[in-house]
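# Structure at a glance
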Amino acid sequence: MNLTLKIWRQKNSTSKGKLVKYKLDGVSEEMSFLEMLDMLNEQLILQDQDPVAFDNDCREGICGMCGLYISGRAHGPDVGVTTCQLTMRNFKDGDTITVEPWRAKAFTVIKDLVVDRSAFDRIIQAGGYISVNTGSMPDANSIPVSKRNSDLAMDAAACIGCGACVASCKNASAMLFVSAKVSHLELLPQGKIEAAERVQNMVKKMDELGFGNCTNTYACEVECPKQISVSNIARMNREFLHAKVCKEKH
Amino acid sequence: MTKLDSKIPGGNLADKWTNYKSVVSLVSPANKMKLDVIVVGTGLAGASAAASLGELGYNVKAFCYQDSPRRAHSIAAQGGINAAKNYQNDGDSVYRLFVDTIKGGDYRAREANVYRLAEVSNMIIDQCVAQGVPFARDYGGSLDNRSFGGAQVSRTFYARGQTGQQLLLGAYSALSRQINKKTVTMYSRREILDIVIIDGKARGVIARNLITGEIERYSAHAVVLASGGYGNVFYLSTNAMASNATAVWKAYKKGAFFANPCFTQIHPTCIPVVGENQSKLTLMSESLRNDGRIWVPKNKDDRRKPADIPEDERDYYLERRYPAFGNLVPRDVASRAAKERCDAGYGVGSSKLAVYLDFADAIKRLGKKVIEERYSNLFQMYEKITDENPYETPMRIFPAVHYVMGGLWVNYNLMTTVPGLYALGECNFSDHGANRLGASALMQGLADGYFVLPYTIGEYLSADIRTGKISSEHPAFKEAEENVKEILNKLINIKGSKTVDQIHKKLGKIMWEYCGMGRNEAGLTKAISLIKELKEEFWKDVKVPGELNEFNTELEKAGRLADYIELAELIVRDALHRKESCGGHFREEFQTEEGEAKRDDEHFAYVAAWEYNFDDEPLLNKEPLKFESIELKQRNYK
């Protein structure tokens, strides 16, 4: 198929960017979206033009490194996939496709389609863990976990930290990302002990870093490549309120 | 005379590690604060090592090329992690896990290391559960297990089809906690371009900041490489796009010996290649072989749909050839068997380079819901890529490069031949011999990082408590930095006519054809000359656009490819010298009448450790493998 691409080009974080139009012919439908961009880049290099910079690594939908805003949707038109798993089967001959980076105050553009998502790491560093040192643990089966809670924890833990939730939210809120980690740990007996402090520290950090508020539009859930449920946000809000109330009582 | 001292502790096999731990030198908490350790890579081995060393009180500097340590390629491991817990009461033990691993590796791994790996495996599961890793559980709340290739017990712990992800996020959370406590400083988007040696000891690294292009110096008392494998030498592999061998290759060129480079693992169950633009191969977890049955039509060139081929016209060739293990034979055996059928003309799909992996029987027996629960994410991934529904029609699969057993030579302490330079996880050679069993890579990465290195590094660092800070102004840093800059300058100024990928694809084709699943003397000899020609072509004609001092993906790729080309030659050289077949290394000249790998224990029961020799051919050093607790036997999965 033959395509017209409108791609965001920006030299670095301080320069201004703009959409640039490219024609690309001979794209086949079994190619992934990123392989289509590889094809474009190979052509640009041979024509002495600067190739398009985009983040990617595992190319099997699990590392969370890729993430493009494709014709108005995070990770493109298919449901439950990352950009690297999006096949060109989802497009047709003659299509014009707009490709932009994640847009959010907390994610600055590094170059072209590459953004800085280190804010997510800083939120995890603020408390997204169970405080256990190597070596100080009981036998694994001495901590029974109900299958239900274990499955719910796994559902939440499946988050790949790609940032699609933030990019899809009109407020650039990170609530789905943060609540997924809060839920994963809170649902397990091992994680209960620090639950109150964890949720407060993580939410505080999230606010500090410039992510917006949640106004329950649920766009994040729709665009999440791992289909993380917004019920995690409800669980986090409950946990947060509980932590605040209990703190005031003490 | 060998220069290799493996430093295996004395005593009975089962007591070695305990004895070692009781007498190893310690570093006091006050002194640990004065010692810096660099950790390169944040996969299972790197993240667990950095976190554990940070907890102990060392000053850790951790590096990764990705934008976040959470993205290292351990994350893509699907099926599970082995441990000898015997929770299923099916006769498992530390000794059995040890035997299975040695046997699975076709008797080319070091006994003492493998025994230690099996011994600490149980603690890994405890540690991960304590961190909140959501392993699969049964209705009573206990941990569940599944079976994997090369074992007759169920010892594999798993978190759906995302075990690697969950274990890595566990290690990442431990690492994040230490970053918050400031015991670990994290440097993301950095590529390590050289190792700095001062007075014979590893004392630092030269890194490139991948955002700004700046060349940076970092010093430390010890350097730990946990930078993963080199499967991308083959261009198409299941590795991540930027997984690379640069750090280990630079270490080799600074004096670290490279062991068994030809031991590469071709994984039997991957989605077949379609088209020239394909950039990577996607694995379908080995766990699928628990319930999937592998077959090809009994008739050559059978063009019927799989559903139209009746039962008695199907050849379940693994069940036929290996009745005892059936579809759960080790990976090397399964891959070769698939190649054999396809070479003989029984392959399926448009390329004829595929076999069926069929779930119809399992769905009939267990119901669709159970299969969904076990493998839904894998089935979904398959459908997205191929546009076929594996609940209704069998998957088409074919072997692909997946893992490398070879890597930097390390002694029992995980130290390379360069004092103070350690190698952990996939980038060392020590535990998997000539073939790795499924669910053992995760085990090894975490064993090395959580439970081995934190003990063994103390032995080395205890002698360094009076050294003081290592200055990055030392002439050795300056020299290394200048070398790095010179190479980068050279790359960007070639301004040739071929892209990095064009040359990389050529390298991949040479390696896959002559040094893939089947190897022979004529082909390997030819490969060496082809690689030499390609090296010349690369340095004459590669085109690297852009500038040095900016975000420049093509420049990163060019540097990695330059190292792959050199490493490829060493891989082929090693394959050529090893005149036997073992594990993943199948020399067509050496096979049994049934077409199985034929080892030569009399002449090749050793680790081949290659020593860099500048412009001359590398030197071969041999570490003889002594098997004291296990009898060397022809592997038999029949």
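What counts, and at which threshold
Residues numbered from 1 in each chain as written. Chains lettered and ligands numbered in written order. Predicted model: local features only at pLDDT ≥ 70, side-chain atom pairs only at ≥ 80, totals over all residues. Helix = DSSP H or I, 4+ residues; strand = E, 2+ residues; numbered from the N terminus. Rg over C-alpha atoms; globule rule 2.2 N^0.38 Å. Contact = placed C-beta atoms within 7 Å. Nonpolar A, V, L, I, M, F, W, Y, C, P; charged D, E, K, R; others polar. Core = buried A, V, L, I, M, F, W, Y, C linked by C-beta atoms within 7 Å. Buried ≥ 20, exposed ≤ 12 C-beta atoms within 10 Å, placed from the backbone. Axes fitted to C-alpha atoms, helices over the stretch in contact; angles between N-to-C directions. Parallel < 35°, antiparallel > 145°, perpendicular 65-115°, else oblique. Domains from an automatic or database assignment. Pairing = 2+ DSSP bridges. Expected span 1.5 Å × (residues − 1).

### Description of the overall build of chain B
Across its full length, chain B holds 17 helices and 19 strands. In terms of overall size, chain B behaves like a compact globule, its C-alpha atoms giving a radius of gyration of 24 Å where 638 residues would be expected to give roughly 26 Å. Projecting the C-alpha coordinates of chain B onto the three principal axes gives extents of approximately 75 × 60 × 50 Å. The contacts of chain B with a sequence gap of at least 6 include a subset with a gap of at least 24, amounting to 74%.

### Points about the interface of chain A and chain B
For an interface, size is often stated in terms of accessible area lost upon the parts coming together. Counting residues at the interface gives 66 residues for chain A and 64 residues for chain B. Looking at the side of chain A that touches chain B element by element, the count peaks at six residues for helix α1 (residues 33–46) of chain A. A class-by-class count of the residues in the side of chain A that touches chain B yields 31 nonpolar, 20 polar and 15 charged.

### Side note on the nonpolar core
Residue and element names in this part refer to chain B. If you look at the biggest cluster of nonpolar residues, it comprises 295 residues, and the most contacted ones within it are Val224, Leu225, Leu408 and Tyr422. With 12 residues, the top contributor of residues to this core is helix α16 (residues 553–577). In this structure, valine 224 is in contact with Val37, Ile38, Val39, Val40, Ala49, Tyr422, Leu424 and Leu453, ignoring residues within four places of it in sequence.

### What about the packing of helix α14 (residues 500–515) of chain B against helix α15 (residues 521–541) of chain B?
All names here are of chain B. In the contact formed by α14 and α15, the axes pass within 9 Å of each other and the chain directions differ by 170 degrees. Looking at the two axes, α14 sits roughly antiparallel to α15. Together, Ile503, Lys506, Leu507, Ile510, Tyr514 and Cys515 of α14 and Gly523, Leu524, Lys526, Ala527, Leu530, Ile531, Leu534, Glu537 and Phe538 of α15 make up the contact between the two elements. Its residues placed into classes, the contact of α14 with α15 shows 11 nonpolar, one polar and three charged.

### Concerning the domain arrangement of chain A
Residues and elements named next belong to chain A. You can read the domains of chain A as domain 1 (3–111) and domain 2 (117–249). Relative placement of domain 1 and domain 2: their C-alpha centres are 29 Å apart. Taken together, the residues of the side of domain 1 that touches domain 2 sort by class into nine nonpolar, six polar and three charged.

### Details of the sheet that holds strand β3 (residues 69–70) of chain A
All names here are of chain A. Taken in spatial order, the five strands make up an open sheet running β2-β1-β5-β3-β4, and their pairing is mixed. In this open sheet, the two edge strands, each paired with only one partner strand, are β2 (18–24) and β4 (73–74). Judged from the two bridges that link them, β3 and β4 form a sheet pairing that is antiparallel. Looking across to β4, one finds that tyrosine 69 is bridged to alanine 74.

### Quick look at the sheet that holds strand β15 (residues 395–404) of chain B
Residue and element names in this part refer to chain B. Spatially, β11-β15-β14-β12-β13 is the arrangement adopted by the five strands of the open sheet, whose pairing is antiparallel. Single-partner strands in this sheet number two, and they are β11 (264–270) and β13 (314–315). Of the strands in this sheet, β11, β12 (293–297), β14 (355–358) and β15 are in contact with helix α9 (residues 331–343), which crosses β11 at around 65 degrees.

### With respect to the pairing of strand β5 (residues 96–100) of chain A
Residue and element names in this part refer to chain A. Taken together, the four bridges between strand β1 (residues 3–9) and β5 define a ladder with parallel strand orientation. Counted as the bridge partner of threonine 4 is threonine 96 from β5. Bridge analysis of β3 against β5 gives two bridges, and the strand direction is antiparallel. Each residue of the ladder has a partner; that of tyrosine 69, found in β5, is glutamate 100.

### Describing the domain arrangement of chain B
Residue and element names in this part refer to chain B. Its domain assignment divides chain B into domain 1 (267–400) and domain 2 (475–604). Spacing between the C-alpha centres of domain 1 and domain 2 amounts to 30 Å. If you look at the interface, domain 1 gives six residues, while domain 2 gives six residues. The dominant element in the side of domain 1 that touches domain 2, judged by the number of residues it contributes, is α9, at five residues. In terms of residue class, the side of domain 1 that touches domain 2 is built from one nonpolar, one polar and four charged.

### Some details on the environment of serine 472 of chain B
Residue and element names in this part refer to chain B. Along the chain, the position of serine 472 falls in the loop between α12 (441–461) and α13 (475–494). Residues serine 472 and valine 196 lie 276 residues apart in sequence; the distance between their C-alpha atoms is 9.5 Å. Apart from residues no more than four positions distant in its own chain, serine 472 is found in contact with Gly204, Arg217, Tyr218, Ser219 and Phe477.

### Concerning the environment of aspartate 139 of chain A
Of note, aspartate 139 of chain A is situated in the loop between α2 (118–125) and α3 (147–157). In this structure the C-alpha to C-alpha distance between aspartate 139 of chain A and serine 71 of chain A, which are 68 residues apart in sequence, comes to 50 Å.

### Some details on α9 of chain B
Residues and elements named next belong to chain B. Taking 1.5 Å of rise per residue, 13 residues should cover 18 Å, and α9 covers 18 Å from first to last C-alpha, within 8% of that figure. Most of α9 sits out of view: 11 of its 13 residues are buried. Those residues of α9 not exposed but buried are Arg331, Asp332, Val333, Ala334, Ser335, Arg336, Ala337, Ala338, Lys339, Arg341 and Cys342. Against the buried residues of α9 lie β11, β12, α8 (317–321), β14 and β15.

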